[in-house]
Amino acid sequence: MRILHQIRPILAALRSHKTAVMLLVLEIALTMAVLGNLVFIVYDTINRSHVSTGIAESQIGWLQNIGVVGQDNPVTGAENLAVLRAVPGVADAAYVSPPLVYAQRNPLFIDPSRKQPVAQVYEFQGSQGLVDTFGLHVIQGREPTLDELPVAATVTSDAVFPVLVTQALAAHLFPDGHALGKLIYDGGGNPMRIVGIVDHLRGEITGRVDDDYAVVTQLLLGAQNVGGGFTIRVHEATQLPQVLQAAAIALQKANPGHVQNAALTMAEARESYFRNALAAGRMLVAIMLILLVVTALGVSGLASFWVQQRRRQIGMRRALGATRRDILHYFQMENLLIVSGGVLLGTLFAYALNLFLMHRFELAHLPAHYLVVGALALWALGQLAVLGPALRAANVPPVVATRSV
Amino acid sequence: MFGYYLDLALRSLKRNKALTALMVLAIALGIGTSMTTLTVMHVLSGDPIPQKSAQLFRVRMNVFPDDSFRPGDKVPDNLTRRDVEALLRDARADRQAAMSAGAMVVAAQGEPLRVATRYTGADFFPMFDVPMRYGRAWSRADDASRARVAVISSVLNEQLFGGVDSVGKTLQVGEQSLRIVGVLGDWNMNPRFYDLSNGQFGDSEQVFLPLSTALDLKLSSSGSTNCWSRTNDARAADAPCIWLQYWAELDTPAKAATYRQYLQNYIALQQQAGRFSHAGQAEALDVMQWLDAKGVVPADVRLQTWLALGFLGICLLNTVGLLLAKFLRRSGEIGVRRALGASRRAIFLQCLVEAGVVGLAGGVLGLALAALGLVLVRHQPTDYAAYIHMDLRMLLATFVLALASSLLAGLLPAWRAMQVAPAVALKSN
């Protein structure tokens, strides 16, 4: 209660330092705005780097091949898949490029005239075995059987492809829940019929809702040869690097005219996908820490100025019976009031900055709890910064009152 | 007078070392952080070819047939082989080259090697001011005759031939052999503006050869290929696919305007020929417009720059507060000076000089911090890390920013200081 009684005199005293108080309030408000948004961005990046693509990443690797001119390969696409499957440790293989490595977004339509796109989706087109290789979970409908798959060599442009879509895409396209059996269309390819729904398959991890919008098409690969990428899934995640290496060598042996271009585990693909964002995150954390230090220095610098300026008044209060604790509390309370003002204004600033960043950088809305954490951090920082000057004030002897400065 | 103010400022700053150090540190941290991010921004958004960036144009077109055309879509970056060959035949620009990235396996002696390639025309080299260490680029006649020639990078020359003049030697590509006609000098464009689709930062390609030769040999090309209908060979002369990049050099603005008109006419002719019924689109973007359209500066970096500027603002507020404390604490001294005849203006200037001294000291320390920050940036595993460095312009900018921001921070405190009423100040002392 005694502390509460002090509020009025504190406010009265602050009124005579309007400029300095305003500056401090403004500084704390800006700190809060920048800090809140920084923490949000960094936390969001870190969270994103842990979101699953929906495929069995720890067991999956990717091989890319290119040909040498003038050397024809006797091996066909289907045989290449068989070669890969025969490598000890390989559970399954398919001709397809996995998420994060190569992901292209295409417009999707639900009317055959293809006038108005209803979503931007990641299209995964590959050979037979794609669904098993990725380790996708079909939660509704079923995976198309081998007999149903369009044969890559003979497919005509009016054939309807049986496809799988993700749960999120199905719900977006057909909110009534009846996606199975419906026809969908991409920009220029064949019409596609939804025969099954998988739980998740994210082409990229950007934080957008439509990361999880994907369409999976399998074609039956036969005699023709395809270049490009093969994805393999191994039985044991721990064996992935060795098995991937063995698979690359087996593929090389079967295709003397091919030269291995790249072999990549999904862990490596993920690392390289998030490399820039995480590096940026580290920079932001550094900025954040420096920001806190600067604000603390500012608060404590101004507080010690005030303490020095008021030595006589402090002495008088001590002489009139105020305890050291009273003086200490006075400065702590004063700091709490100023920081609270800054926090209130900072909440406004933080939202304004967030709106600006949302507009320019596709940032999400700043959740309120970041502001609560920011406010608590600033209160703690303010108390820490004022402690030194306040203790010095508490040590001012009453005799100062009677001395001339 | 200035010297006297400077002397006063230094004395005053020396009097309270802790407060002075605090102010210098606040400015230095603000300057260091913002200069670090601004330098990254400056390097990434810099002009890769300043002497020619206004004369080089990326040509883009939209020639989609009606069923693939959607109004409001962006103009595709690449062209069909059909359009490229028509533009090359007309040759309306001072120089022009179509190009594509690729990869192939070469052997000279010993182990075969996978190399990144660029298939392009003879004009590529003079157009982008590519320096040659040995030999020279191939000629337009070589383009026409699909000559089996190649230009290799100095790195590859080092790798294959130990750095000696390798002109006249051959590169084995499968069954075919290419005769080396030139070796590049040091040449790396960062960002690699002529082809942003295959990694924006990094070393230049290792082998360059005529596009016509590459098509003839069916060498594999990489980069985006967009076909609007099924085709067996996306690289065929009449394939319905856009995959080739096209650059033109136009030495004067008048020529650029004429060339743009030519492109419009070309598109109109294509429409009349019945390829599509929509209006079509054709444009020529100069290098900076092109980099801007492709958003070469990563969003992360732009975000950091904004936040760092906000951070500088906070540091400035901090300095304003501290300077205010410092000046008002000297009310007595200011009162004496005023009583002895100093004008308000003199007090104001004296305070600003003091603020400027703090700013310069902050700038020097800030520069050191920025250098440290850039070392940290260079050690980050980003694509662009290796190309970040501070140039003279950013060095000067650091001091200008430090001085300007400290003077700005000094304005309010100096204004308050000159308002000190001499009588009151003297009495209260």
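What you see is a predicted model; the values in this text were computed from it and never measured. Counting restarts for each chain: residues are numbered from 1 in the order of the written sequence. Written order decides the labels, with chains lettered from A and ligands numbered from 1. Residue-level local features of this predicted model are given only where pLDDT is at least 70; pairs of side-chain atoms are given and counted only at 80 or more, and the full residue set underlies all totals for whole chains, interfaces and linings. To obtain the side-chain values, all non-hydrogen atoms of the structure were included, while hydrogens and water were left out.

## Description of the overall build of chain A
Point 1. Only DSSP runs of H or I reaching four residues or more are called helices, and only runs of E reaching two or more are called strands; each is numbered from the N terminus. Counting its regular elements, chain A contains 10 helices and 11 strands.
Point 2. Relative to the compact-globule value of 22 Å for 405 residues, chain A shows a C-alpha radius of gyration of 32 Å, a clear excess of over 25%.
Point 3. With a 1.4 Å probe rolled over the protein chains alone, any residue whose accessible area is under 20% of its type maximum counts as buried; one over 50% counts as exposed, and the rest are partly exposed. Relative to its 405 residues, chain A shows a buried fraction of 49%.
Point 4. Across chain A, contacts joining residues at least 24 apart in sequence account for 82% of those joining residues at least 6 apart.
Point 5. Only the protein chains shown count as cover for residues, with accessible areas throughout obtained via the Shrake-Rupley method and a probe of 1.4 Å. When the accessible area of chain A is evaluated, it comes to approximately 18200 Å², of which 61% is carbon and sulfur surface.
Point 6. Working convention for charge: Lys and Arg count positive, Asp and Glu count negative, and His plus the chain ends are omitted. Throughout, a charge is located at the NZ atom of Lys, the CZ atom of Arg, the CG atom of Asp or the CD atom of Glu. Here chain A contributes 29 positively and 26 negatively charged side chains, and the mean placements of these two sets differ by 27 Å. The globule rule is 2.2 Å times the number of residues to the power 0.38, and the radius of gyration it is compared with is taken over C-alpha atoms. The contact rule is simple, with two residues in contact once any of their heavy atoms fall within 4.5 Å.

## Quick notes on the overall build of chain B
Point 1. On a plain count of helices and strands, chain B comes out with 14 helices and 13 strands.
Point 2. Radius of gyration (C-alpha) of chain B: 31 Å, far over the 22 Å computed for a compact globule of 429 residues.
Point 3. By principal-axis analysis of the C-alpha atoms, chain B measures approximately 100 × 55 × 35 Å.
Point 4. The buried share of chain B, taken over its 429 residues, is 55%.
Point 5. When the accessible surface of chain B is summed, it comes to about 18300 Å², and 56% of that surface belongs to carbon and sulfur atoms.
Point 6. Averaging the coordinates of the 43 positive side-chain charges in chain B and doing the same for the 35 negative ones gives two points 13 Å apart.

## Side note on the nonpolar core
Soluble globular proteins tend to pack their nonpolar side chains together in the buried interior.
Point 1. What is meant by a nonpolar core is a set of buried Ala, Val, Leu, Ile, Met, Phe, Trp, Tyr and Cys residues, joined one to another through side-chain atoms within 4.5 Å. In terms of nonpolar packing, the biggest core is built from 65 residues, with W306, F331 and I338 of chain A touching the most fellow members.
Point 2. At the level of secondary structure, the elements contributing two or more residues to this core comprise α1 (2–15), α2 (18–48), α7 (266–309), α9 (324–361) and α10 (368–394) of chain A together with α10 (299–329) of chain B.
Point 3. Sorting elements by how many residues they give to this core places α2 of chain A first, with 14 residues.
Point 4. Listed in part, the 48 residues of the second largest apolar core include V59, A150, V207 and A282 of chain B.

## A short note on the packing of aromatic side chains
Geometrically, a pair of aromatic rings is defined through the distance of the ring centres and the angle of the planes.
Point 1. By convention, a stacked pair of Phe, Tyr or Trp rings (six-membered ring in the case of Trp) has centres within 6.5 Å and planes under 30 degrees apart, an edge-to-face pair has planes over 60 apart, and any other such pair is tilted. Using the criterion set out here, one finds 23 aromatic pairs over all chains in the structure.
Point 2. Relative to F274 of chain A, the ring of Y273 of chain A has its centre 4.9 Å away and its plane inclined at 85°; by these criteria the two rings are edge-to-face.
Point 3. We classify Y273 of chain A as partly exposed; its relative accessible area is 23%.
Point 4. Between F356 of chain A and W306 of chain B, the aromatic rings sit 5.0 Å apart at their centres with planes inclined by 75°, giving edge-to-face as the arrangement. Pair noted here: F356 of chain A is in helix α9 and W306 of chain B is in helix α10, and the two residues belong to different chains.
Point 5. Taking the relative accessible area as the measure of exposure, F356 of chain A reaches 28% and is therefore partly exposed.
Point 6. Residue class for W306 of chain B comes out partly exposed when judged on its relative accessible area of 38%.
Point 7. Three or more aromatic residues link up through ring pairs in this structure, and these residues are F124, F125, F128, W138, W187, F193, Y194, F208, W247 and W290 of chain B.
Point 8. A cation over a ring is seen here: K182 of chain A above F174 of chain A, with NZ or CZ 4.9 Å from the ring centre.
Point 9. Between R235 of chain B and the ring centre of W243 of chain B, over which it is positioned, the NZ or CZ distance is 4.3 Å. Remark: a charge is flagged as sitting over a ring if the NZ atom of Lys or the CZ atom of Arg is within 6 Å of the ring centre and within 35 degrees of the ring normal.

## Digging into helix α3 (residues 81–90) of chain B
Residues and elements named next belong to chain B.
Point 1. Among all positions in α3, only R81, D83, V84, A86 and L87 are buried.
Point 2. Close packing links the buried residues of α3 with β1 (56–62), β2 (79–80), β3 (95–106), α7 (211–217), β12 (241–249) and α8 (253–272).
Point 3. Directly after α3, the chain includes A91, whose backbone phi takes a positive value near 45°.

## Focus on the interface of chain B and chain A
Point 1. Listed per partner, the contact involves 42 residues of chain B and 50 residues of chain A.
Point 2. The junction of chain B with chain A conceals about 4300 Å² of combined surface from both sides, 72% of it contributed by carbon and sulfur atoms.
Point 3. We call two N or O atoms a polar contact when they sit within 3.5 Å, provided that within protein one can donate a hydrogen and the other can accept it, with sequence-adjacent residues counted only if both atoms are side-chain atoms. Applying the counting criterion to the chain B and chain A interface returns 5 residue pairs in polar contact (both at pLDDT 80 or more).
Point 4. Of all the elements in the fold, those that place two or more residues in the side of chain B that touches chain A are α2 (17–44), β3, α10 and α13 (392–418) of chain B.
Point 5. A total of 18 residues in the side of chain B that touches chain A trace back to one element, the largest contributor, which is α10 of chain B. Put simply, buried area is the surface a 1.4 Å probe can reach on two separate parts but cannot reach once they are joined, added for both.

## Topic: the packing of helix α1 (residues 2–15) of chain B against helix α12 (residues 344–378) of chain B
Packed helix pairs are specified by the crossing angle of their axes together with the interaxial distance, meaning the distance between the axes.
Residues and elements named next belong to chain B.
Point 1. Two elements in contact, α1 and α12, have axes whose closest approach is 9 Å; the angle formed by their N-to-C orientations is 60°. In terms of axis orientation, α1 runs oblique to α12. The hand of the α1/α12 crossing is right-handed. Taken together, the residues of α12 that come into contact with α1 (itself represented by F2, Y5, L6, L8, A9, L10, S12 and L13) are A346, L349, Q350, V353, E354, V357 and V358. For every element, the axis is a line fit to its C-alpha atoms; helices are fit only across the contacting stretch, and the angle between N-to-C directions ranges from 0 to 180 degrees. In this scheme, roughly parallel covers angles under 35 degrees and roughly antiparallel covers those over 145, while 65 to 115 is roughly perpendicular and the rest are oblique. Take the far helix as the reference: if the near one is turned anticlockwise from it by less than a right angle, the crossing is left-handed, and if turned clockwise, right-handed.

## Some details on the pattern of salt bridges
All names here are of chain B.
Point 1. The rule for a salt bridge is simple: a side-chain nitrogen of Lys or Arg has to be within 4 Å of a carboxyl oxygen of Asp or Glu. Counted by the stated rule, this structure contains 25 salt bridges over all chains.
Point 2. As a salt-bridge pair, D77 and K294 come within 2.4 Å of each other at their nearest N and O atoms. Of this pair, D77 sits in the loop between β1 and β2 while K294 sits in helix α9 (residues 287–294), and the two are 217 residues apart along the sequence.
Point 3. Across the pair E354 and R330 runs a salt bridge, and its minimum N-O distance is 3.2 Å. You can see E354 sitting in helix α12 and its partner R330 sitting in the loop between α10 and α11 (331–339), a full 24 residues away along the chain. With respect to class, E354 is no different from R330; both count as buried.
Point 4. Each of R15, R330, E333 and E354 takes part in salt bridges that share partners, so that together they form one network.

## Considering the side chain of T117 of chain B
All names here are of chain B.
Point 1. Tracing the chain through its elements places T117 in strand β4 (residues 113–120).
Point 2. A polar contact is formed between the side chain of T117 and the backbone nitrogen of A103, at a distance of 3.4 Å.
Point 3. Not counting the four nearest positions on each side in its chain, T117 is found in contact with S100, A101, G102, A103, M104, E205 and V207.

## Some words on α10 of chain B
Point 1. Take the number of residues in a helix, subtract one, and multiply by 1.5 Å to get its expected span. Between its terminal C-alpha atoms α10 of chain B stretches 45 Å, which fits the 45 Å expected from 31 residues at 1.5 Å a residue.
Point 2. When you tally the buried positions in α10 of chain B, you get 22 out of 31 residues, the bulk of the element.

## A word on the environment of D67 of chain B
Point 1. Here D67 of chain B is to be found in the loop between β1 and β2.
Point 2. When the C-alpha positions of D67 of chain B and G182 of chain B are compared, they lie 46 Å apart, and in sequence the two are 115 residues distant.

## Here we look at the domain arrangement of chain B
All names here are of chain B.
Point 1. Under the domain assignment, chain B is made up of domain 1 (2–45 + 298–428) and domain 2 (56–294).
Point 2. Throughout the structure description, domain borders are defined by an automatic or database domain assignment. In this structure, domain 1 and domain 2 have C-alpha centres spaced 50 Å apart.
Point 3. Across the contact, 5 residues belong to domain 1 and 6 residues belong to domain 2.
Point 4. When the two sides are added together, the surface that domain 1 and domain 2 hide from each other amounts to roughly 430 Å², 66% of it contributed by carbon and sulfur.
Point 5. Here domain 1 is connected to domain 2 by 0 salt bridges.
Point 6. Taken together, domain 1 and domain 2 are joined by 0 residue pairs in polar contact (both at pLDDT 80 or more).
Point 7. Polar here means any residue outside two lists: the nonpolar Ala, Val, Leu, Ile, Met, Phe, Trp, Tyr, Cys and Pro, and the charged Asp, Glu, Lys and Arg; Gly therefore counts as polar. In the side of domain 1 that touches domain 2, the residues fall into 3 nonpolar, 1 polar and 1 charged.

## Overview of the domain arrangement of chain A
Point 1. Its domain assignment divides chain A into domain 1 (2–50 + 276–402) and domain 2 (73–256).
Point 2. The straight-line distance from the C-alpha centre of domain 1 of chain A to that of domain 2 of chain A is 54 Å.

## Looking at the pairing of strand β7 (residues 170–173) of chain B
All names here are of chain B.
Point 1. Of the two faces of β7, the one holding L171 and V173 is buried and the one holding T170 and Q172 is not buried anywhere.
Point 2. The pairing criterion is simple: DSSP has to find at least two bridges between the two strands. In this sheet, strand β8 (residues 176–184) lies alongside β7 in antiparallel orientation, the contact comprising 4 bridges. Among the inter-strand pairings, L171 is bridged to a residue of β8, identified as L178.
Point 3. The hairpin turn running from β7 into β8, its antiparallel successor, is 2 residues long, and G174 in that turn takes a positive phi close to 60°.

## Side note on unusual backbone geometry
Point 1. Non-glycine residue L100 of chain A carries a positive phi angle of around 70°.
Point 2. With respect to the element layout, L100 of chain A can be found in the loop between β2 (90–95) and β3 (105–109).

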